[in-house]
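Residue-level listing of the chains:
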Amino acid sequence: MLDNILLGTLGVLVGLVVTFYGYAIFRMILPVLGLFYGFILGRSFFPDSQWQGWALGIVFAIALAVLAYAYWSALMTVGGAFIGFSLGYMFGDWLVLPNWVNAMIGIILGAGFALVYFYFKDLMVMVWTAFAGAGIIFAGLAFFWPTVLGWLGNSSNWLTFILTLVVGAIGAIAQMFIFSGLAYYSAPPAGGPPYMGAPASRAS
């Protein structure tokens, strides 16, 4: 019980920061996200062993920490392709199309999303962190109200899905106003990673 309270509270707090301030701390929060999601994934695989959940979470955190510094741009592009492919495939599946048609739609959307994520890095970091943070918020709240907001207990939980979209959209818009014109990632400042040292100058 105490474990659920601590993890739920941590999820809500981390989610709020990521939703509304994720752009400025994008690289730093990747290991945190890895730890959080890794722990949840570990608990789903090993429900009777907390230490195995933490071990898998730590592995995820270290992996994302390493990749975040060297290959974050590639991660964003691959992430965009994955999101686009998933949306395209699900759309085709919803239309009850053949699997190969679903895959073709997914590949086309995936390529489009990858290009958007690559060429609009700053905007995509804001959008991605806003929706990722919103997901963490409701994942944390699910520890308090699993029957109402829990994904695992109700795979067709439209309430959680809709609330996540609403909060994610609010967070993305808020970040666009807060970080308007900044180019931390498409034109990072000299002397260190984008989230350290002097902020990048605003784009003209």
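Here, the structure is the one placed above.
Predicted, not measured: the structure shown is a model, and the values here were computed from it.

## Concerning the nonpolar core
Okay, so step 1: Counting 17 residues, the largest nonpolar core has Tyr-23, Phe-26, Met-76, Val-125, Phe-179, Tyr-184 and Tyr-185 as the members making the most contacts within it.
Okay, so step 2: When residues of this core are traced back to their parent elements, those giving at least two are helix H1 (2-21), helix H2 (26-45) and helix H5 (121-142).

## A short note on the packing of aromatic side chains
Okay, so step 1: Going through the model one piece at a time under the given rule, you end up with four aromatic pairs.
Okay, so step 2: Considering the side-chain rings of Tyr-23 and Phe-179, the 5.1 Å spacing of their centres and the 45 degrees angle between planes classify their relative orientation as tilted. Here Tyr-23 is found in the loop between H1 and H2, whereas its partner Phe-179 is found in the segment after helix H7 (158-178), with 156 residues between them in sequence. Across the pair, exposure class does not vary: Tyr-23 and Phe-179 are buried alike.
Okay, so step 3: Note on Phe-118 and Tyr-119: the rings are 5.1 Å apart at their centroids and 90 degrees apart in plane angle, and the pair reads as edge-to-face.
Okay, so step 4: Judged by relative accessible area, Tyr-119 falls into the exposed class, the value being 60%.
Okay, so step 5: Chaining the aromatic ring pairs together yields one cluster made of Tyr-21, Tyr-23 and Phe-179.

## Digging into the packing of helix H4 (residues 99-119) against H5
How two helices pack is summed up by the angle between their axes together with the distance between the axes.
Okay, so step 1: Running from N to C, H4 and H5 cross one another at 110 degrees; their axes reach a closest spacing of 5 Å. Taken together, the axis directions place H4 and H5 in an arrangement best described as roughly perpendicular. In contact with Val-116, Tyr-117, Phe-118 and Tyr-119 of H4, H5 contributes Lys-121, Met-124 and Trp-128.
Okay, so step 2: Tallied by class, residues from the contact of H4 with H5 come to six nonpolar, no polar and one charged.

Cut-offs and rules
Residues numbered from 1 in each chain as written. Predicted model: local features only at pLDDT ≥ 70, side-chain atom pairs only at ≥ 80, totals over all residues. Heavy atoms only, no water. Core = buried A, V, L, I, M, F, W, Y, C linked by side-chain atoms within 4.5 Å. Buried < 20%, exposed > 50% of the residue type's maximum accessible area, 1.4 Å probe, protein only. Helix = DSSP H or I, 4+ residues; strand = E, 2+ residues; numbered from the N terminus. Phe/Tyr/Trp six-rings, centres within 6.5 Å; stacked < 30°, edge-to-face > 60°. Axes fitted to C-alpha atoms, helices over the stretch in contact; angles between N-to-C directions. Parallel < 35°, antiparallel > 145°, perpendicular 65-115°, else oblique. Contact = heavy atoms within 4.5 Å. Nonpolar A, V, L, I, M, F, W, Y, C, P; charged D, E, K, R; others polar.

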